Amino acid sequence: MPNPWDLPDELPTDLPAARCELPDGRTVSAVQEAEAHTLWEEISSAAPYRRAAEGIAACETIIDVGAHIGLASLLFAQLAPQSRLMAFEPAPKAYTCLDENLARHLPEATAYRQALGAAPGKSELIYRPYVASASTLYADAEDDTRNLEAHLDNIGADIQTREVVRRTFDVTQRIPVEVTTLTAVMAEHGVDRVGLLKVDVERGELDVLHGIDPSCWPRIRRVLLEVHDIDGRLGRIVSTLTGLGFRAAVSQWGVYVGGSVHLVLAERD
């Protein structure tokens, strides 16, 4: 880890593309190699992620919302190789990596450079070039700080690491993005049955759910959500999913203990 005082006063935002070799030998395109390694370790070892895709049938579609560079998509395809897979990512550089990774490893899958929300339209993405997976349409400095500091505490980061992480996290760009809804996606692409809807959109999870018409919910079998528990949001989402006939289980990665980030796996099978 570099000394934070050796970093330039103004960090560059146009970073070169990277490559990351996964433990199984596959190489993926990445915005940041270290971030890709960390995310793969988290996703591939998380029981809710593995459970979410088990038993998804060939006639069902997996929809990955907030796909980043496609690591969750790669895992889901391993566990449900016959299913259709659609991945949505609005950040341009992350989308380019996603598109390359799907073309290389999952040629039947499709990447879309779109965000999903409550209504179609345009929005502005707060893009973090050094931590692209934390890019968001929904600014909340207090929640960002809470989760960042919880993460640093839980990994036992030293002072220098903390300063580097804080400085790089604060580098942002604002990028216009297209927003659609899950209802529109299902209609436009002829999706009859969603075996798994995975949503990881950095505080935009409620809007994604609000973009699902009541007529679409009976066609969705499982939902895997990353939820930022702000103002009781976790309880409201669990209550909503339970009311729709799902059984919901809540868990939390160890690195986020003390932060707002939780996982919700909702099933009806």
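An account of the accompanying structure is given in this report. (Residues numbered from 1 in each chain as written. Predicted model: local features only at pLDDT ≥ 70, side-chain atom pairs only at ≥ 80, totals over all residues. Heavy atoms only, no water.)

## Focus: the sheet that holds strand β8 (residues 173–180)
And step 1. Strand order in this open sheet of three strands is β6-β8-β7, and the pairing throughout is mixed. Of all the strands in the sheet, the pair left with one neighbour each is β6 (115–116) and β7 (121–127).
And step 2. Where β6 lies against β8, two bridges are found, and the strand directions are parallel. What sits directly across from L116, in β8, is T180. (Pairing = 2+ DSSP bridges. Helix = DSSP H or I, 4+ residues; strand = E, 2+ residues; numbered from the N terminus.)

## Brief notes about the packing of helix α5 (residues 141–154) against helix α6 (residues 159–169)
Any two packed helices are characterised by the angle at which their axes cross and by the distance between the axes.
And step 1. Running from N to C, α5 and α6 point in directions that differ by 150 degrees, and their axes come no closer than 11 Å. Here α5 lies roughly antiparallel to α6, going by the angle between them. Both α5 and α6 take part in a crossing whose hand is right-handed. Residues D144, L148, E149, L152 and D153 of α5 lie in contact with α6, whose contacting residues are R162, V165, R166 and F169.
And step 2. Looking at side-chain class alone, the contact of α5 with α6 contains four nonpolar, no polar and five charged residues. (Axes fitted to C-alpha atoms, helices over the stretch in contact; angles between N-to-C directions. Parallel < 35°, antiparallel > 145°, perpendicular 65-115°, else oblique. Left-handed = near helix turned anticlockwise from the far one by under 90°. Contact = heavy atoms within 4.5 Å. Nonpolar A, V, L, I, M, F, W, Y, C, P; charged D, E, K, R; others polar.)

## Quick notes on the packing of aromatic side chains
How two aromatic rings sit relative to each other is given by the distance of their centres and the angle of their planes.
And step 1. For the structure on display, the rule yields five aromatic pairs.
And step 2. Between Y49 and F76, the aromatic rings sit 6.0 Å apart at their centres with planes inclined by 10 degrees, giving stacked as the arrangement. Of this pair, Y49 sits in helix α2 (residues 47–53) while F76 sits in helix α3 (residues 71–79), and the two are 27 residues apart along the sequence.
And step 3. The ring of F246 carries R268 above its face, with NZ or CZ at 3.9 Å from the centroid. (Phe/Tyr/Trp six-rings, centres within 6.5 Å; stacked < 30°, edge-to-face > 60°. Lys NZ or Arg CZ within 6 Å of the ring centre and 35° of its normal.)

## Side note on the packing of helix α1 (residues 33–45) against α3
And step 1. Put simply, α1 and α3 touch, their axes get as near as 9 Å, and they point 35 degrees apart. Regarding α1 and α3, the two cross each other, and that crossing is right-handed. Contacts between α1 and α3 involve A36, L39, W40, I43 and S44 from the former and L71, A72, L74, L75 and Q78 from the latter.
And step 2. When the residues that make up the contact of α1 with α3 are grouped by side-chain class, the tally is eight nonpolar, two polar and no charged.

## Section: the pattern of salt bridges
And step 1. Overall, the coordinates contain 15 salt bridges when judged by the stated rule.
And step 2. R221 is the partner of E60 in a salt bridge, and the nearest nitrogen-oxygen pair spans 2.7 Å. Residue E60 is found in the loop between α2 and β3 (61–65), and its partner R221 is found in the loop between α8 (205–210) and β10 (222–228); the two are separated by 161 residues along the sequence. The pair formed by E60 and R221 is uniform in burial state, with each residue classed as buried.
And step 3. Linked through salt bridges whose partners overlap, the residues forming this network are E149, D153, R162, E163 and R166. (Salt bridge = Lys/Arg side-chain N within 4 Å of Asp/Glu carboxyl O. Buried < 20%, exposed > 50% of the residue type's maximum accessible area, 1.4 Å probe, protein only.)

## Quick word on the side chain of R233
And step 1. Structurally, R233 is set in helix α9 (residues 233–243).
And step 2. With relative accessibility at 13%, the residue R233 sits in the buried group.
And step 3. Here E205 takes part through its side chain, which lies 2.9 Å from a polar atom of the side chain of R233.
And step 4. In contact with R233, other than residues within four places in its own chain, are R203, E205, L206, V227 and H228. (Polar contact = N/O pair within 3.5 Å; in protein donor to acceptor, adjacent residues only side chain to side chain.)

## Regarding the nonpolar core
And step 1. Y49, L71, F76 and L196 are the most contacted members of the largest nonpolar core, which totals 50 residues.
And step 2. The dominant element in this core, judged by the number of residues it contributes, is α3, at six residues.
And step 3. If near-sequence neighbours (up to four positions away) are discounted, F76 is found in contact with Y49, A53, I62, L85, L196, K198 and L224. (Core = buried A, V, L, I, M, F, W, Y, C linked by side-chain atoms within 4.5 Å.)

## Looking at the sheet that holds β10
And step 1. The mixed open sheet is built from seven strands, whose spatial order is β5-β4-β3-β9-β10-β12-β11. If you trace the sheet from one side to the other, it starts and ends with β5 (110–112) and β11 (247–251), each paired once. Averaged over all neighbouring strand pairs, the angle between strand axes comes to 15 degrees, with direction disregarded.
And step 2. The sheet contact formed by strand β9 (residues 194–199) and β10 spans three bridges and is parallel. By the bridge assignment for β10, L197 is matched with V223.
And step 3. Sitting on the sheet, α3 touches β3, β4 (84–88), β9 and β10, and the angle it makes with β4 is about 170 degrees.

## Brief notes about α6
And step 1. Residues of α6 that are buried: T161, R162, V164, T168 and F169. On an axial view of α6, the arc spanned by its buried residues comes to 165 degrees, and they lie on one face.
And step 2. Along its buried surface, α6 packs onto α5.
And step 3. With a side-chain oxygen lying 3.3 Å from the backbone nitrogen of Q160, the N-terminal cap of α6 falls on D158. (Arc of directions from axis to C-beta.)

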